[in-house]
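The chain contents come next:
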Amino acid sequence: MIEATGLTKRYGATLAVDDLSFTVPPGQVTGFLGPNGAGKSTTMRMILGLDAPTAGSVTVNGRPYAEYRRPLHEVGALLDARAVHGGRSAYDHLLCLALSNGIGRARVDHVLAQVGLHTVAGKRSGGFSLGMAQRLGIAAALLGDPRVLMFDEPVNGLDPEGVLWIRSLVKSLAAEGRTVFLSSHLMSEMAITADRLVIIGNGTPDQGDHRRGLPRERLGQLRAGSLAARRRAHDSARGAGRRGGPTARRHPQHHRLQL
Ligand SMILES: Nc1ncnc2c1ncn2[C@@H]1O[C@H](COP(=O)(O)OP(=O)(O)OP(=O)(O)O)[C@@H](O)[C@H]1O
Ligand SMILES: [Mg+2]
């Protein structure tokens, strides 16, 4: 379970995240939907303690992430697939992470097989395609067998097979009772993958959705590829854009979600 309360991040004059409150419960895939620059990555960095909130707080399974002594056992995250030492092989990259977190070598082999990289485990990760790098990042997230998983735009740059793989992976992780939080700017992708949504457009999901004319009940309908629900949400977002509520004024690009 991830719980954010009044989460706010300001970079100078830029209000990246504005009073965001939400929960991400276990056993479901929660999509984090918002256009480019909405504050998705910033929120995820704050969840991981990589950025300090200007105001508000966030906990993972009841405690701030930074308080965990062995965090990889609690939360696995993929934020930036290219943030690896390119000179290291996939196996060595994972082994370094494992050894520094008290995780045995057997898990390295296990996650490499799980993400389909076992045949290239000895190759330099710097030579990996984006899709392979995403898989390596996901392997690192799974290494500690954590209860909470967080993926920032995991389908970006993937081919159709990779997209299908991610969809089925996140669903199976949620079916195991894990908390799964993944971001995207693609409403179509979220409609297929997510059981529930947190929508960000420089506002909080509960308050922000109402401000933009996307009531919570309607968000609840955005499930499992329902084209009709996608259209209704799209129409609502466009209507809100025309009405120009407070969120729309502060963040005019919020209704440019790709459908
Ligand atoms: N380190 C930083 N310093 C200054 N501004 C930042 C920093 N990180 C993010 N921002 C700004 O905060 C806002 C939110 O950025 P963020 O990367 O969180 O959005 P995002 O929803 O992840 O976008 P995208 O879909 O493009 O990945 C943007 O206006 C961005 O320019
Ligand atoms: Mg981002």
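Residues numbered from 1 in each chain as written. Chains lettered and ligands numbered in written order. Predicted model: local features only at pLDDT ≥ 70, side-chain atom pairs only at ≥ 80, totals over all residues.

1. Section: the sheet that holds strand β2 (residues 14-24)
Inclusion rule: For two strands to pair, DSSP has to find at least two bridges joining them. Here a strand is any run of E in DSSP of at least two residues, a helix any run of H or I of at least four, and the numbering for each starts at the N terminus. Every axis corresponds to a line fitted to the C-alpha atoms, with the helix fit spanning only the stretch in contact, and the corresponding angles, defined between N-to-C directions, vary from 0 to 180 degrees.
Read across the sheet, three strands follow the order β2-β1-β4 without closing on themselves; strand pairing throughout is antiparallel. Whereas interior strands pair on both sides, the edge strands pair on one side only; in this sheet they are β2 and β4 (55-60). With strand direction ignored, the average angle separating the axes of adjacent strands in the sheet is 20°. With five bridges joining them, strand β1 (residues 2-11) and β4 adopt antiparallel strand pairing.

2. Observations concerning the confidence of the model for the protein chain
Detailed reading of the predicted coordinates is not advisable wherever pLDDT is low. What counts, and what does not: As a per-residue measure, pLDDT tells how confident the predictor is, with possible values from 0 to 100. Whether two residues are in contact is decided by their C-beta atoms, placed from the backbone, lying within 7 Å.
In the predicted model, the protein chain carries a mean pLDDT of 80, and the fraction of residues at 70 or more is 78%. Taken together, the stretch residues 237-259 has pLDDT below 50 and engages in 52 contacts with residues farther than four places along the chain or on a different chain.

3. Quick word on the site of ligand 1
What counts is decided by this rule: Nearness is defined per residue: the C-beta atom, placed using the backbone, must lie within 6 Å of the molecule or strand. Gly is put with the polar residues, along with every residue not named as nonpolar or charged; the nonpolar set is Ala, Val, Leu, Ile, Met, Phe, Trp, Tyr, Cys and Pro, and the charged set is Asp, Glu, Lys and Arg.
Taken together, Tyr 11, Thr 14, Ala 16, Gly 34, Asn 36, Gly 37, Ala 38, Gly 39, Lys 40, Ser 41, Thr 42 and His 185 make up the full set of residues near ligand 1. When contributions to the shell around ligand 1 are tallied by element, the ones reaching two or more residues are β2 and α1 (40-47). Tallied by class, residues from the shell around ligand 1 come to three nonpolar, eight polar and one charged.

4. Some thoughts on the pairing of β1
Sheet analysis places β1 next to β2, joined by seven bridges and oriented antiparallel. By the bridge assignment for β2, Leu 7 is matched with Leu 20. Turn length for the β1-β2 hairpin, with the two strands adjacent in sequence and antiparallel, is two residues, and the turn residue Gly 12 shows positive phi of about 55°.

5. Observations regarding the packing of helix α2 (residues 90-100) against helix α3 (residues 105-114)
Test applied: Should an angle lie under 35 degrees it is considered roughly parallel, over 145 roughly antiparallel, and from 65 to 115 roughly perpendicular; all remaining angles are considered oblique. Take the far helix as your reference; a near helix turned counterclockwise from it by less than a right angle gives a left-handed crossing, and one turned clockwise gives a right-handed crossing.
Contact geometry for α2 and α3: axes closest at 9 Å, N-to-C directions at 135°. Here α2 lies oblique to α3, going by the angle between them. Considering the relative orientation of α2 and α3, their crossing is right-handed. Packed against α2, whose contacting residues are Ala 90, Tyr 91, Leu 94, Leu 95 and Ala 98, the element α3 presents Arg 105, Arg 107, Val 108, Val 111 and Leu 112 at the interface.

6. Quick notes on the nonpolar core
The criterion, for reference: To count as a nonpolar core, a set of buried Ala, Val, Leu, Ile, Met, Phe, Trp, Tyr and Cys residues must be joined through C-beta atoms within 7 Å. Working definition of burial: number of other C-beta atoms within 10 Å of the residue's own, with buried at 20 or more, exposed at 12 or fewer, and partly exposed in between, all C-beta atoms being placed from the backbone.
Ranked by internal contacts, the top residues of the largest apolar core, which has 64 residues, are Leu 94, Leu 112, Ala 139, Leu 143 and Met 150. The contacts of Leu 112, once residues within four sequence positions are left out, are Ala 90, Tyr 91, Leu 94, Leu 117, His 118, Ala 121 and Ala 139.

7. Observations concerning the environment of Leu 158
The residue Leu 158 is located in the loop between β6 (148-152) and α5 (160-175) in this model. Sequence spacing of Leu 158 and Ser 129 is 29 residues, and the spatial spacing of their C-alpha atoms is 9.5 Å. What Leu 158 contacts, discounting residues up to four positions off in sequence, is Gly 131, Gln 134, Val 163 and Ile 166.

8. Observations regarding α3
We count it as follows: The directions from the helix axis to the C-beta atoms form the arc being described.
For α3, the complete set of buried residues consists of Arg 107, Val 108, Val 111 and Leu 112. Within α3, the buried residues cover an arc of 135° as seen down the axis, which keeps them to one side. For α3, the elements touching its buried residues are α2 and α4 (130-142). One or two positions beyond α3, positive phi appears at Gly 116, with a value near 80°.

9. What about α2?
Listed as buried for α2 are Ala 90, Tyr 91, His 93, Leu 94 and Ala 98. All buried residues of α2 lie within an arc of 165° about the axis, which places them on one face of the element. Opposite the buried face of α2, by more than 90 degrees, sit the exposed residues Leu 99 and Ser 100.

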